Structures are given as structure tokens and as C-alpha cells.
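Working through the structure, step by step
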Amino acid sequence: MISEHFKYSEFEHSDTAKKHGIYNRLTPNAKACVKALVENVLEPLRCAWGKPLTINSGYRCKELNELVGGVESSQHRTGEASDVACKEPYKLAQLAKDMDLPYDQLILYPTFVHFSHKFNGKQRKQVLYNKSYKGQRLV
């Protein structure tokens, strides 16, 4: 367990990796980054949200990241990013912004929110919108 609501296995799980026989396990450095992401962003957000949050993409080894079309510099590669699925992504993103959580990037998609947290370095607090997201903008 990382926290009351999150386990490391959630960040390693990938149906795509399983289907293609890819070994997607956290490296020691990535494990530390996931822990920081959870402790600083995801666990406080989950407690305030009051409902379960589903990690639909966490850590991605190089092979998995390439397979899913991720950019080489993706923070998923280092364990610094996670995509969190929920029924109301706009509300989840707005809550994270209202709480002034220390995220590096918050990217809204139609069915999930991408959160990242730099392990070392300044959090940019970027709010971005995927081209497929057509919903409400954060205030």
C-alpha cells in the first residue's frame, strides 16, 4: 500500500501490457515518484472527492509507452503521472484546482484526468485540455 486508498499494483496494471506480454513493473526510482504523486496529489484529492478513483494508466515502461503512442518524454515513463478515470472528470479537475494541489500538469480528457507531479523540481501547475475534450473549461 502507498496510502489508505492506493496500491502500487494499480500503477503497474495495464491490459495492453498484459495482452502483449510486456513486463510493466515499477523501477525503484519510479516507485518513489509514484509515492510522491499519491501522497501530494492523488490521496488528498481522493479524500476530498469522497468516492473511489480508478487509475486507468499509471507507470509505463518504455515498451508499453511506445506501444500506446506515448511521447518519449511522458511523465508516465518516470512514474510521475497517472490518468484517473471518473464519471465527472471536469468536477474532479476543478476540485484539484480549487484545493491548490501541487500538480505539475492537469490535463482534461472526456473520461479521465491526467495528473502529474514532478518528483524533483517546481510544479508548473499547467491546466491543459486534450483535443478530444469538448467540455467546460476550469475556472
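What you are looking at is a predicted structure, and each value in this text was computed from that prediction instead of being measured.

Right, let's talk about the packing of aromatic side chains for a bit. Describing an aromatic ring pair means giving the distance of the ring centres and the angle of the ring planes. Applying the stated criterion to the full structure yields three aromatic pairs. Consider the rings of F6 and F11, whose centres lie 6.3 Å apart with planes at 50°: the pair is tilted. A residue is classified by how much of its surface remains accessible, and F11, at 1% relative accessible area, is buried. With a centroid separation of 5.8 Å and an interplanar angle of 25°, the aromatic rings of Y129 and Y133 are classed as stacked. Judged by relative accessible area, Y133 falls into the buried class, the value being 7%. The ring of Y8 is capped by K31, whose NZ or CZ atom sits 4.7 Å from the centre of that ring. The side chain of R137 reaches across the aromatic face of Y129, ending 3.9 Å from its centre.

Next up on the list: the pairing of strand β4 (residues 112–116). On any regular strand, side chains alternate: one points to one face of the sheet, the next to the other face. Buried residues dominate β4, accounting for five of its five residues. Of the two faces of β4, the one lined by F112, H114 and S116 and the one lined by V113 and F115 are each fully buried. Sheet topology note: the strand β2 (residues 81–85)/β4 ladder contains five bridges and is antiparallel. Within β4, the position partnered with V84 by the bridge is V113. In this structure, the hairpin formed by strand β3 (residues 105–108) and β4 is closed by a connection of three residues.

Within the largest apolar cluster, 34 residues are counted, with the highest numbers of intra-cluster contacts made by F11, L42, L92, L106 and F115. Breaking this core down by element, the ones donating at least two residues are α1 (8–12), α3 (28–49), α5 (89–98), β3 and β4. The element best represented in this core is α3, accounting for eight residues. Setting aside anything within four residues of it in sequence, one finds L42 in contact with F6, F11, L37, I55, S82, V84 and F115.

One non-glycine residue, D100, lies in positive phi territory at about 55°. For D100, the position within the fold is in the loop between α5 and β3. Given a relative accessible area of 56%, D100 falls into the exposed group.

Here we come to the pattern of salt bridges. Under the criterion given, the structure shown has eight salt bridges. A salt bridge links E88 to K51; its shortest N-O distance comes to 3.9 Å. Of this pair, E88 sits in the loop between β2 and α5 while K51 sits in the loop between α3 and β1 (54–57), placing them 37 residues apart in sequence. What makes E88 partly exposed here is its relative accessible area of 31%. Classification of K51 as partly exposed rests on a relative accessible area of 40%. Taking the shortest distance from any N to any O, the salt bridge between D83 and R60 comes out at 3.8 Å.

Cut-offs applied
- Residues numbered from 1 in each chain as written.
- Predicted model: local features only at pLDDT ≥ 70, side-chain atom pairs only at ≥ 80, totals over all residues.
- Heavy atoms only, no water.
- Phe/Tyr/Trp six-rings, centres within 6.5 Å; stacked < 30°, edge-to-face > 60°.
- Buried < 20%, exposed > 50% of the residue type's maximum accessible area, 1.4 Å probe, protein only.
- Lys NZ or Arg CZ within 6 Å of the ring centre and 35° of its normal.
- Helix = DSSP H or I, 4+ residues; strand = E, 2+ residues; numbered from the N terminus.
- Pairing = 2+ DSSP bridges.
- Core = buried A, V, L, I, M, F, W, Y, C linked by side-chain atoms within 4.5 Å.
- Contact = heavy atoms within 4.5 Å.
- Salt bridge = Lys/Arg side-chain N within 4 Å of Asp/Glu carboxyl O.

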